[in-house]
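Below, each chain spelled out in residue letters.
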Amino acid sequence: MQTFTMIPMYLCVLNVIMNRIQTGAINPLSGHDGYIEKSVRILTNTFEQTFMNVICQLSLAVYIHSEYMYFIPYIVFCFVAGRILFLIGYTIHPKYRTFGFLLSHGITTLAFFLTLGYATGFTRMFHSSTSPGKTEL
């Protein structure tokens, strides 16, 4: 599933390449990097968010009960949708990036706190010890 998480990164790299080709910034040493500044910011933010999301997904996959593994594809879907909406919104105008950012970062935050709950044992309060698929670490 983490392969699909990389789709927004690929789109952002293509966005930078297309903006370089279409403007005077095709030569990185020409001093015209202002033309691609927005695209580079989108790429940088997407890289940061993707890194956090993949780490949270993989960590959650270690701790989560097998009966709840269906949750991982939902995390991937929401993250990818959020990042694509972020890319589109930011490209139109930076003020339109908020919904995409909140969707992708929100799902990453949820995965982080779920992982933290499993790692600290906090979620054991909500699961019985006879829960099917439960593994003790």
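Computed from a predicted structure; not experimentally measured.

### A closer look at a nonpolar patch on the surface
Judged by side-chain polarity, Phe4, Ile7, Tyr10, Leu11, Val13, Leu14, Ile17, Met18, Ile21 and Ile26 come together as a nonpolar surface patch covering roughly 890 Å² of accessible area. A per-element tally of the nonpolar patch places helix α2 (residues 7-22) first, with eight residues. Assignment of secondary structure puts Leu14 in helix α2. Look at Leu14 and you get partly exposed, because its relative accessible area is 33%.

### A look at the nonpolar core
Residues Cys56, Leu60, Ile64, Ile72, Ile75, Phe79, Ile107, Ala111 and Tyr118 constitute the largest nonpolar core, which totals nine residues. Elements represented by at least two residues in this core include exactly α3 (37-63), α4 (71-92) and α5 (98-120). Beyond its immediate sequence surroundings of up to four residues, Cys56 is in contact with Thr108, Ala111, Phe112 and Thr115. With five residues, the next largest nonpolar core counts Cys12, Ile42, Phe86 and Tyr90 among its residues.

### Structural notes on α4
With 22 residues, α4 extends 32 Å from end C-alpha to end C-alpha; this agrees with the ideal 32 Å at 1.5 Å per step. All of the buried residues in α4 are Ile72, Ile75, Val76, Phe79, Val80, Gly82, Arg83, Phe86, Leu87, Gly89 and Tyr90. Check the buried side of α4 and you find it contacts α1 (2-5), α2, α3 and α5.

### Considerations on α3
A rise of 1.5 Å per residue sets the reference length of α3, with its 27 residues, at 39 Å; its end C-alpha atoms lie 39 Å apart and thus fit the reference within 8%. Among the residues making up α3, those that are buried are Ser39, Ile42, Asn45, Thr46, Gln49, Thr50, Asn53, Val54, Cys56, Gln57 and Leu60. Contact partners of the buried residues in α3: α1, α2, α4 and α5.

### A few points about the pattern of salt bridges
Enumeration over the complete set of coordinates arrives at two salt bridges. In this structure, the salt-bridge partner of Asp33 is Arg20, at a minimum N-O distance of 3.6 Å. Residue Asp33 is located in the loop between α2 and α3, and its partner Arg20 is located in helix α2; the two are separated by 13 residues in the primary sequence. Judged by relative accessible area, Asp33 falls into the partly exposed class, the value being 36%. Its salt-bridge partner being Glu37, residue Arg41 comes within 2.7 Å of it at the nearest N-O pair. In this pair, Arg41 and Glu37 both sit in helix α3, four residues apart, roughly one turn of the helix. Take Arg41: its relative accessible area is 47%, and that puts it in the partly exposed class.

### A closer look at the side chain of Asn45
With respect to the helices and strands, the residue Asn45 is situated in helix α3. Relative accessible area serves as the criterion here: at 17%, Asn45 is assigned to the buried category. Excluding anything up to four places from it in sequence, Asn45 contacts Arg83, Phe86 and Phe101.

### Quick word on the packing of α2 against α3
Two elements in contact, α2 and α3, have axes whose closest approach is 9 Å; the angle formed by their N-to-C orientations is 165°. On the basis of their axis angle, the class for α2 and α3 is roughly antiparallel. The two elements α2 and α3 cross, and the hand of that crossing is left-handed. Listed contacts from α3 to Pro8, Met9, Cys12, Val13, Asn15, Val16 and Asn19 of α2 are Ser39, Val40, Ile42, Leu43, Thr46, Phe47 and Thr50.

Here is what the cut-offs are and how they apply
Residue numbers here run from 1 along each chain, matching the order of that chain's written sequence. Note on the predicted model: pLDDT of at least 70 is required for a residue's local features to be given, and 80 or more for side-chain atom pairs to be given and counted; whole-chain, interface and lining totals, by contrast, use all residues. With hydrogens and water set aside, each side-chain value is computed from the structure's full complement of heavy atoms. Residues enter patches when they are more than 30% accessible in relative terms and free of salt bridges; like-charged ones are connected within 9 Å and nonpolar ones (Val, Leu, Ile, Met, Phe, Trp, Tyr) within 5 Å. We get accessible surface area from the Shrake-Rupley algorithm with a probe of 1.4 Å; when it comes to residues, only the shown protein chains can shield them. By convention in these notes, a salt bridge is any Lys or Arg side-chain nitrogen within 4 Å of a carboxyl oxygen on Asp or Glu. The numbering of helices and of strands both runs from the N terminus, where a helix is a DSSP run of H or I of at least 4 residues and a strand a run of E of at least 2. Remark: exposure states derive from per-residue accessible area (1.4 Å probe, protein chains only) relative to the maximum for the residue type, with buried under 20%, exposed over 50%, and partly exposed in between. Side-chain atoms within 4.5 Å are what join buried Ala, Val, Leu, Ile, Met, Phe, Trp, Tyr and Cys residues into a set we call a nonpolar core. Contact between two residues is taken to exist if any of their heavy atoms lie within 4.5 Å; hydrogens are not considered. Multiplying 1.5 Å by the helix residue count minus one yields the expected span of that helix. Axis definition: a line fit to C-alpha positions, over the contact stretch in the case of helices; interaxial angles, taken between N-to-C directions, run 0 to 180 degrees. Put simply, angles under 35 degrees are roughly parallel, angles over 145 are roughly antiparallel, angles from 65 to 115 are roughly perpendicular, and the rest are oblique. The hand of a helix crossing depends on one turn: near helix anticlockwise from the far one by less than a right angle means left-handed, and clockwise means right-handed.

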